[in-house]
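Examination of the molecular architecture
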Amino acid sequence: MKNHRVRKSIDAGITYFILLVVSLIFSFPVLWLLLASFSKTGSIYSFDGFFPAEYSLDSFRRLFTDTVLYNYPQWFKNTLFIAVLSSLIGTILVIMTAYTISRFRFRGRKMLMKITLVLGMFPSFMAMTAVYILMTHFNLINQHWGLVLIYSAAAPVGYMVQKGFFDTIPGSIDEAARIDGASSFTIFRKIIFPLSAPIIVYTGLTLFAWPWSDFILPRLLLKDRDLYTVAVGLMSLGDDEFARFSAGAMFIAIPIIILYFCLARFLISGLSSGAVKE
């Protein structure tokens with residue numbers, strides 16, 4: 001019995017040690033980026049090894065005040081506008097799609113599920129040429145609404161987790177409500193929707209995070225500098241503005257980190273509930 005406890009303690013110690021080493025490895029780039037944002041010279045070429053030789057808060061000041069060429073506040077507003085609208089519209093479309101596939105039986109349902117599953121396996125950048133041509137024909141180049149349309153329209157393809165969540169809600173609830181004369185919309189609005197807070201929050205946050213950090217689509221469709229998102233705008237900075245780049249990258253991470261910490265319990269319950277069908 002004593003040998004078993006010793007062996008268990010050794011196994012736990014080794015596990016914690018490995019986790020600590022892995023955590024340090026993954027946290028080092030974040031620490032390096034944070035310290036780089038305080039570089040006094042602003043250039044990556046002036047670093048003393050991995051870290052800046054001198055430190056200053058000047059990069060954060062210039063990030064919000066020196067906006068003639070690099071208008072970070074405007075880029076932040078653009079990104080927030082696109083992310084919020086894409087999240088709201090995309091969440092509605094995903095929840096409607098998942099609920100329909102989960103609760104209703106219709107011709108072609110299984111085929112539709114197979115097609116969306118196969119389409120989800122292809123990387124999104126394969127369709128970039130087609131997307132650009134379509135946006136050109138619809139006069140949505142250099143338009144934030146073009147990005148909102150793409151993000152929202154692509155969101156329902158990833159409905160499987162949400163469908164799994166709705167599958168865990170007993171169908172007997174729907175049957176009892178129908179006996180009382182409730183329509184499908186009434187059942188969803190008054191019964192299913194209140195029970196679906198975890199998966200709705202999970203969906204909204206994941207759809208918010210996609211345009212919040214995306215680079216490829218905004219870089220493809222947005223040409224004017226004042227219309228840039230933060231990802232595209234930061235990539236347009238020169239090598240001598242690396243401290244400002246780091247400061248902007250650190251600052252844009254703060255809102256989404258706060259959201260994830262505040263709504264973590266909804267995320268965990270929403271993801272776990274949609275992972276297993278009971």
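Residues numbered from 1 in each chain as written. Predicted model: local features only at pLDDT ≥ 70, side-chain atom pairs only at ≥ 80, totals over all residues. Heavy atoms only, no water.

Here we come to the overall build of the protein chain. Secondary structure assignment for the protein chain yields 14 helices and two strands. In terms of overall size, the protein chain is more extended than a compact globule, its C-alpha atoms giving a radius of gyration of 24 Å where 278 residues would be expected to give roughly 19 Å. The dimensions of the protein chain, computed from C-alpha atoms along their principal axes, are 75 × 75 × 30 Å. Buried positions account for 36% of the 278 residues belonging to the protein chain. (Helix = DSSP H or I, 4+ residues; strand = E, 2+ residues; numbered from the N terminus. Rg over C-alpha atoms; globule rule 2.2 N^0.38 Å. Buried < 20%, exposed > 50% of the residue type's maximum accessible area, 1.4 Å probe, protein only.)

The next thing to look at is the environment of Leu69. Among the structural elements, Leu69 can be located in the loop between helix 2 (58-65) and helix 3 (72-103). Taking the C-alpha atoms as reference points, Leu69 and Phe38, 31 residues apart in sequence, are found 21 Å from one another.

With that settled, the discussion passes to helix 6 (residues 144-154). Along helix 6, the residues that are buried comprise His144, Gly146, Leu147, Val148, Ile150, Tyr151 and Ser152. Tucked into the core, helix 6 has its buried residues touching helix 3, helix 5 (128-137), helix 10 (197-213) and helix 11 (216-221). (Contact = heavy atoms within 4.5 Å.)

Attention shifts here to the pattern of salt bridges. This structure, assessed with the given rule, holds seven salt bridges. Its salt-bridge partner being Asp66, residue Arg244 comes within 2.9 Å of it at the nearest N-O pair. Of the two residues, Arg244 sits in helix 13 (residues 242-262) while Asp66 sits in the loop between helix 2 and helix 3, which places them 178 residues apart along the sequence. Residue class for Arg244 comes out buried when judged on its relative accessible area of 2%. (Salt bridge = Lys/Arg side-chain N within 4 Å of Asp/Glu carboxyl O.)

One pass over the structure, following the stated rule, counts 19 aromatic pairs. Ring centres 6.3 Å apart and planes at 75° place the aromatic pair Tyr72 and Phe251 in the edge-to-face group. Here the residue Tyr72 occupies a position in helix 3, and Phe251 occupies one in helix 13, the gap between them amounting to 179 residues. On the basis of relative accessibility, which here comes to 1%, the residue Tyr72 falls in the buried class. Classification of Phe251 by relative accessible area gives partly exposed; the value is 30%. Pairing Phe81 with Trp145 gives two aromatic rings, centres 5.8 Å apart and planes at 90°, and the pair type is edge-to-face. (Phe/Tyr/Trp six-rings, centres within 6.5 Å; stacked < 30°, edge-to-face > 60°.)

Here the focus is the confidence of the model for the protein chain. With 93% of its residues at a pLDDT of at least 70, the protein chain reaches an overall mean of 83. When the criterion is pLDDT under 50, residues 270-278 qualifies, and its contacts beyond four places in sequence or with other chains add up to 16 contacts. (pLDDT = per-residue confidence, 0-100.)

Next up on the list: the nonpolar core. Grouped together as the largest cluster of nonpolar side chains are 29 residues, with contacts concentrated most on Tyr72, Leu147, Trp212, Leu217 and Val230. When contributions to this core are tallied by element, the ones reaching two or more residues are helix 3, helix 5, helix 6, helix 10, helix 11, helix 12 (230-235) and helix 13. Here this core takes five residues from helix 3, the largest share from any one element. Apart from the residues within four sequence positions on either side, Trp212 is in contact with Phe76, Thr79, Leu80, Ala83, Ile252, Pro255 and Ile256. Formed by 19 residues, the second largest nonpolar core is a distinct cluster that contains Val94, Tyr99, Ile101 and Ile199. (Core = buried A, V, L, I, M, F, W, Y, C linked by side-chain atoms within 4.5 Å.)

It is at 10 Å that the axes of helix 7 (residues 160-168) and helix 10 come closest, and there the two elements cross at 175°. Taken together, the axes of helix 7 and helix 10 are roughly antiparallel relative to one another. Contact residues: Val161, Gln162 and Phe165 in helix 7; Pro198, Ile199, Tyr202 and Thr203 in helix 10. The residue makeup of the contact of helix 7 with helix 10, split by class, is five nonpolar, two polar and no charged. (Axes fitted to C-alpha atoms, helices over the stretch in contact; angles between N-to-C directions. Parallel < 35°, antiparallel > 145°, perpendicular 65-115°, else oblique. Nonpolar A, V, L, I, M, F, W, Y, C, P; charged D, E, K, R; others polar.)

Our next topic: the packing of helix 3 against helix 9 (residues 184-195). Between helix 3 and helix 9, the shortest axis-to-axis distance is 13 Å and the interhelical angle comes to 110°. For the element pair helix 3 / helix 9, the angle class is roughly perpendicular. Crossing angle aside, the handedness with which helix 3 passes helix 9 is right-handed. Each of Ile95, Tyr99 and Arg103 in helix 3 lies in contact with helix 9, whose residues at this interface are Ser184, Ile187, Phe188 and Ile192. For the contact of helix 3 with helix 9, a count of residues per class yields five nonpolar, one polar and one charged. (Left-handed = near helix turned anticlockwise from the far one by under 90°.)

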